[in-house]
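# Residue-level structural notes
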Amino acid sequence: MPRLARDRLKNITPPMLDAMFTGLLKNGRCEESFQLKEGVTFDGYTVQMLTDKTGIRRTNIHNILKRARVRRPTAEKFAEQMGFPLKKLFDDVTDNHGLSGATVNKIKLNLSAIFTAAVKKEILRRNPCRLATPPKIDTKPAAYMDEDQCRVFLDRLRQHPDLQFQVICNVFLATGIRCGELCALHWDDIDLDKGIMNVRHTLVRLKGESIRTEPKTSGSKRRIVLPTYILDLLKDHRRNHNILCF
């Protein structure tokens, strides 16, 4: 918006887009970031206690406590709920640095879709994104556990006292389900008799609330055949769940 919004579509050229992409790669990110001050501790509080007290997700609480960077709204909410001024708990560590090539490429794809729509409406004769230089994708390849590492992980997991946590990790490994999809599962999505899991919803965060909704694409809806050991874990979890509910 700050780079193109004042220009008419017909005046936007491939060189202008090239310059914008280069600028985003160098200093495209200037979002305010905050870091817990060194030496600040919360003795007597567990992660769960801080989560309950502040209303902030456990992931963000973990990031705050290990002095990772968090966004201003998170830092402000944490400081307010803990009863301290923002500057008392956090250092402003905002700096201008570049976006990744993958992020800039997503911006290019979104722009290209806008220009394509304008061409179809005969507002433009051509799509300038088609002649712009694509950003270099510099994303590091994802790291995966090999078979031996999975065995070690599952052996350690069996010693964990929380059955639900065991179920979550095992389902992730056995099915490849996405995090949002797993969090959106209800018992009526799982047929324990036939050994089928129906992935029909996903959980998204919207304005601080978790909302169960349908996936973006119909292809994301699918049926997964569950291994016997996963069914056994789910049945144990269901029995435990029923006991707790009772």
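Check the entry above for the structure.
Structure report, in brief. Just so you know, these numbers come straight off a predicted model, no measurement behind them.

## Things to note about the overall build of the protein
A tally of regular secondary structure across the protein gives 10 helices and 8 strands. A globule of 246 residues ought to have a C-alpha radius of gyration of about 18 Å, yet the protein, at 24 Å, is considerably larger. Considered along the principal axes of its C-alpha atoms, the protein spans approximately 65 × 50 × 35 Å. Looking at the protein as a whole, 31% of its 246 residues qualify as buried. Of all intrachain contacts in the protein linking residues separated by at least 6 positions in sequence, the fraction that spans at least 24 positions is 59%. By element, 52% of the accessible surface of the protein is carried by carbon and sulfur atoms, the whole surface being about 17,300 Å². One finds the centroid of the 43 positive side-chain charges in the protein at a distance of 8 Å from the centroid of its 28 negative side-chain charges.

## Remarks on the nonpolar core
Core analysis: the largest hydrophobic core is formed by 16 residues, its most contacted members being F78, L89 and F90. Secondary structure elements with two or more residues in this core: β1 (33–36), α2 (47–54), α3 (58–65), α4 (72–82) and α5 (86–89). Element by element, the count of residues in this core is highest for α4, at 4 residues.

## Things to note about the sheet that holds strand β5 (residues 196–199)
The strand order across the open sheet formed by 3 strands is β4-β5-β8, and the pairing between neighbours is antiparallel. Two strands bound the open sheet, and with one partner strand each, they are β4 (190–191) and β8 (222–225). In this sheet, β5 lies alongside β4 in antiparallel orientation, the contact comprising 2 bridges. Residue I190 lies in a different strand from β5, and its bridge partner there is M197.

## Considerations on the packing of helix α7 (residues 147–157) against helix α8 (residues 163–175)
One can describe the packing of α7 onto α8 by two numbers: an axis separation of 10 Å at closest approach and a directional angle of 160°. Classed by the angle they form, the pair α7 and α8 counts as roughly antiparallel. Once α7 is placed against α8, the crossing between them reads as left-handed. Contacts between α7 and α8 involve C150, F153, L154 and L157 from the first element and F165, Q166, C169, N170 and L173 from the second. Grouping the amino acids of the contact of α7 with α8 by side-chain chemistry returns 7 nonpolar, 2 polar and no charged.

## Remarks on the sheet that holds β1
Reading across the sheet, the 3 strands line up as β2-β1-β3 and stay open at both edges, with antiparallel pairing between neighbours. Each edge of the open sheet is held by one strand with a lone partner, namely β2 (70–71) and β3 (90–92). Both β1 and β2 contribute to a ladder of 2 bridges, which runs antiparallel. Paired with S33 across the strands is R71, a residue of β2.

## Here we look at unusual backbone geometry
Note: most residues except glycine have negative phi, and most peptide bonds are trans. A positive phi is found at R67, a non-glycine position, where the angle reads about 60°. Structurally, R67 can be placed in the loop between α3 and β2. Relative accessible area serves as the criterion here: at 29%, R67 is assigned to the partly exposed category.

## Remarks on helix α1 (residues 14–27)
Under the 1.5 Å per step criterion, the end-to-end length of α1 is 20 Å for 14 residues, consistent within 8% with the ideal 20 Å. Taken together, the buried positions of α1 are P14, L17, M20, F21, G23 and L24. Where α1 is buried, its residues meet α6 (101–120).

## Side note on the environment of K108
Its place among the elements puts K108 in helix α6. Separated by 98 residues in the primary sequence, K108 and L206 place their C-alpha atoms 25 Å from one another. In this structure, K108 is in contact with F21, C129, A132, P134 and P135, ignoring residues within four places of it in sequence.

## Some details on the pairing of strand β6 (residues 202–206)
With 5 bridges connecting them, β6 and strand β7 (residues 209–213) associate as antiparallel partners. Its bridge partner lying in β7, R205 is registered against S210. Hairpin connection from β6 to β7: 2 residues lie between these consecutive antiparallel strands, with K207 at a positive phi of about 55°.

Thresholds applied
Residues numbered from 1 in each chain as written. Predicted model: local features only at pLDDT ≥ 70, side-chain atom pairs only at ≥ 80, totals over all residues. Heavy atoms only, no water. Helix = DSSP H or I, 4+ residues; strand = E, 2+ residues; numbered from the N terminus. Rg over C-alpha atoms; globule rule 2.2 N^0.38 Å. Buried < 20%, exposed > 50% of the residue type's maximum accessible area, 1.4 Å probe, protein only. Contact = heavy atoms within 4.5 Å. Areas by Shrake-Rupley, 256 points an atom, 1.4 Å probe, with all protein chains shown as cover. Lys, Arg positive; Asp, Glu negative; His and termini not counted. Charge placed at Lys NZ, Arg CZ, Asp CG, Glu CD. Core = buried A, V, L, I, M, F, W, Y, C linked by side-chain atoms within 4.5 Å. Pairing = 2+ DSSP bridges. Axes fitted to C-alpha atoms, helices over the stretch in contact; angles between N-to-C directions. Parallel < 35°, antiparallel > 145°, perpendicular 65-115°, else oblique. Left-handed = near helix turned anticlockwise from the far one by under 90°. Nonpolar A, V, L, I, M, F, W, Y, C, P; charged D, E, K, R; others polar. Expected span 1.5 Å × (residues − 1).

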